[in-house]
Amino acid sequence: MWGLLLALAAFAPAVGVGVGAPSTSVLGLAPPATTGAPISTPAPRSSPAQPPAEKNNGTSEQHVQFRIIKKKKIVMKKRKKLIRPRPLVTDRPPVTTSPAEALDLPEKQEPGCPPLGLESLRVTDNQLEASSSQSFGLGPHRGRLNIQSGLEDGDLYDGAWCAEEQDAEPWFQVDATHPTRFSGVITQGRNSIWRYDWVTSYKVQFSNDSRTWWGSRNRSSGMDAVFPANSDPETPVLNLLPEPQVARFIRLLPQTWLEGGTSCLRAEILACPVSDPNDLFPEAPALGSLDPLDFRHHNYKAMRKLMKQVNEQCPNITRVYSIGKSHQGLKLYVMEMSDQPGEHELGEPEVRYVAGMHGNEALGRELLLLLMQFLCREFLRGDPRVTRLLTETRIHLLPSMNPDGYETAFRRGSELVGWAEGRWNKQGIDLNHNFADLNTPLWEAEDDGLVPDTVPNHHLPLPAYYTLPNATVAPETRAVIDWMERIPFVLSANLHGGELVVSYPFDMTRTPWAARELTPTPDDTVFRWLSTVYAGTNRVMQDPDRRPCHNQDFSLHGNVINGADWHTVPGSMNDFSYLHTNCFEVTVELSCDKFPHENELPQEWENNKDALLTYLEQVRMGIAGVVRDKDTELGIADAVIAVDGINHDVTTAWGGDYWRLLTPGDYMVTASAEGYHTVTRNCRVTFEEGPMPCNFRLTKTPKQRLRELLAAGAKVPPDLRRRLERLRGQKD
């Protein structure tokens, strides 16, 4: 039987290795480089469907794979299966019904080639070429892994490269601009809510001059390898080349695609740079950073270990604590960094960064891990900027709000996780839609004229439905809400991925059911300032030559946008933070690539390092002070700070200290507290680095004094008793 099987396998045609969902290490499979012998060939073979070779008995031959398991070793064999011939399709190739079975790879892989950079935009549009395109919006520049289309098909931002329907020999080509060792290809279908298009198989060719091409060949038969591609539009499929090839150009030649559709694909190329002994090509720009930090992706265990190492290296300025657990029981760890970790210092503002709300958006997580390493290292070196930041501010870094989702994405790998897998927590909840909607009750009260006299314009309480035991509230969301209520945060940023823009509240449109609508907060000038500060110091956002990530060009508006004017997000953390606490929070979309390969992390750190530091320093913008009891000099907790002309107040912390973010100008500020006379004063905010001090001393009302005397069991003084009697008489 074994002899028969081996004999059958010898006649099997050449196929590529198709891997639909390997672990991260799959990207490391890279046999020694061999340069394919250049073969002067004509254009690639036509792709329209050809009828299967007819057998004498009227049946056709198709090769399928099956496994024989013996002593825990898996041996891939091929046998022939006889099927009925299918009707000839003259205009489109038939869909591949049985793509090659995934190969079981060994556990240990050698380091492989990283992505060339189609998804991350390191590969520019003019490096991409195709045989034809249905339209500009479906041109080769749109053939990038995970690129997202707009809502309408046929615009400038469709979701793939698509060849013309009459193109009999379609191809998609990438120019690496210098000699490169190509080791693999990842493909997806077309991103569209209206159409289904994907390639089901393709060949690969290489060239050094774009004229003479040779193909990727199967090692056993020497025939051109045909690689199994996609069976749905979104799942990335990896194919490793039988032999890596050194060339400048790589070309994908679709052979079959979904019946009824067209030849459409999105792709990423795995490639390693090689040295050019003749110095004929310009050297590729190096991606890197001079900071000696841990530039790699960290799963939960590695993240916890790294945070512990930073704490041990800088025990006097760091503290690691947990704010709760995920649905699967993973702790939500926070790194606190301050000269007095573990305590709120009077007059020192609290700021936070939150990352990993969507588990597959991994860059923010790594940037916060890099930031804590950097702050620790630079503080020990005596860097004045970092020293001032840590002595005047209490910083909290939550690198992973959704650790369950991240673990799912991490197991898939940076290039194979796709656009959405790992986004939600294990309950299937999108955490950025899971906070209480406080916008609706506030706007309804405003429409009824109840704000601020009856309904406050700040610190809105949680709705009753949200506090029920059976409410759909994720444990991660509850943990963050408790954290917000426990610490008097002033400033925050929520780090996301998949775009290059900073969005600010409100995130929810005021008009019900509106998909998008400009919906500013009363503090719109402050939020636009904060957003512009980050966008203006982010290297990539400030690159005038960069192309849009997906389907909107945010650079036309300074790379900032009102969240609701982008797309409505009910229950966002930004809106909740603004309406339930004192904290002003924006969302930073860090990169076109949600889960960049770790070889891109050094450059991403350099792109964002100064922006992360500069944004933290904005907590000094505006006014700050302490509201005290005039008689006792003790701080008054929960005093309300109102700014004339801005319909949003803040409150003091338990020590009476407060911070009110404001742009430069003159403001009439009123401090009020229950049992005290209100006090109003002018406070000026200048362009100098602040905050500007604006303190208040409040005097108790007679009624409050009486309450305190009676509560203490003291007798009422005669003058106060006579005054109260006169007041009663006036009322009578």
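Residues numbered from 1 in each chain as written. Predicted model: local features only at pLDDT ≥ 70, side-chain atom pairs only at ≥ 80, totals over all residues. Heavy atoms only, no water.

## Here we look at the packing of aromatic side chains
The description of an aromatic ring pair uses the distance of the two centres, along with the angle that the planes make with each other. The condition that has to hold: Two rings from Phe, Tyr or Trp (for Trp, the six-membered ring) form a pair when their centres are within 6.5 Å of each other. A pair whose planes differ by under 30 degrees is stacked, one over 60 is edge-to-face, and the rest are tilted. Under the DSSP-based scheme used, a helix requires at least four consecutive residues in state H or I and a strand at least two consecutive residues in state E, with every element numbered from the N terminus. Only protein chains enter the accessibility calculation, which uses a 1.4 Å probe; a residue whose area is less than 20% of its type maximum is buried, one above 50% is exposed, and one in between is partly exposed. Think of it as a cone above the ring: NZ of Lys or CZ of Arg counts as a charge over the ring if it is within 6 Å of the ring centre and within 35 degrees of the ring normal.
As enumerated under the stated definition, the model contains 20 aromatic pairs in all. On the numbers, 5.9 Å between centres and 20 degrees between planes, the contact of Tyr406 with Phe595 is stacked. On the criterion of sequence distance, the pair formed by Tyr406 in helix α5 (residues 403–412) and Phe595 in the loop between β19 (584–589) and α11 (601–617) is long-range, its members being 189 residues apart. Phe595 shares its class with Tyr406; the two are buried. What links up through ring pairs into an aromatic cluster is the set Trp443, Phe506, Phe527, Tyr578 and Phe584. In this structure, Arg251 is placed above the aromatic ring of Trp213, and the distance from its NZ or CZ to the ring centre is 4.0 Å. Stacked on the ring of Trp419, the Lys or Arg Lys594 has its end atom at 4.0 Å from the ring centre.

## As for the sheet that holds strand β24 (residues 665–672)
The following threshold applies: Strands are treated as partners if at least two bridges between them are detected by DSSP.
Read across the open sheet, the four strands follow the order β22-β21-β24-β25; overall the sheet is antiparallel. Each of the sheet's edge strands pairs with one partner strand only, and the pair in question is β22 (650–651) and β25 (679–685). Pairing of strand β21 (residues 640–643) with β24, which is carried by four bridges, proceeds in the antiparallel orientation. Looking at β24, one finds that Val640 is bridged to Ser672.

## Some remarks on the sheet that holds strand β12 (residues 318–325)
Note the threshold: Comment: axis = line fitted to C-alpha atoms, over the contacting stretch for helices; angle = value between 0 and 180 degrees taken between N-to-C directions. Note on contacts: a residue pair is in contact if any heavy atoms of the two residues lie within 4.5 Å.
Taken in spatial order, the eight strands of this open sheet run β12-β13-β15-β14-β16-β19-β17-β18, and their pairing is mixed. Among the strands making up the open sheet, the edge pair consists of β12 and β18 (560–562). Each strand axis lies, on average, 20 degrees off the axis of its neighbour in the sheet, ignoring direction. Sheet topology note: the strand β13 (residues 331–337)/strand β15 (residues 394–398) ladder contains three bridges and is antiparallel. For Met335, the partnering residue across the bridge sits in β15 and is Leu397. Lying over the sheet, helix α10 (residues 573–580) contacts β14 (350–355), β16 (489–496), β17 (501–504) and β19, oriented at roughly 170 degrees with respect to β19.

## Some thoughts on the nonpolar core
Basically, it comes down to this: In plain words, nonpolar cores are sets of buried Ala, Val, Leu, Ile, Met, Phe, Trp, Tyr and Cys residues tied together by side-chain atoms within 4.5 Å.
Among the nonpolar cores identified, the biggest contains 100 residues, and Met337, Tyr353, Leu375 and Trp483 are the most heavily contacted of them. Counting residues per element, this core draws most heavily on helix α3 (residues 363–381), at 10 residues. Setting aside anything within four residues of it in sequence, one finds Trp483 in contact with Tyr321, Ile323, Val334, Arg352, Val354, His396, Leu398 and Phe489. Counting residues in each nonpolar core, the second largest holds 28 residues, with Leu118, Phe182, Trp214 and Leu252 among its members.

## What about the side chain of Ser120?
Counted only if it meets this: What qualifies as a polar contact is a pair of N or O atoms within 3.5 Å, subject to a donor-acceptor requirement within protein and to the restriction that residues adjacent in sequence count only when both atoms come from side chains.
Tracing the backbone through its elements, the reader meets Ser120 in the loop between β3 (73–83) and β4 (128–130). A polar contact is formed between the side chain of Ser120 and the side chain of Glu600, at a distance of 3.2 Å. Each residue touching Ser120, except ones within four places of it in the same chain, is listed here: Asp593 and Glu600.

Nothing here speaks to function; it is geometry throughout.
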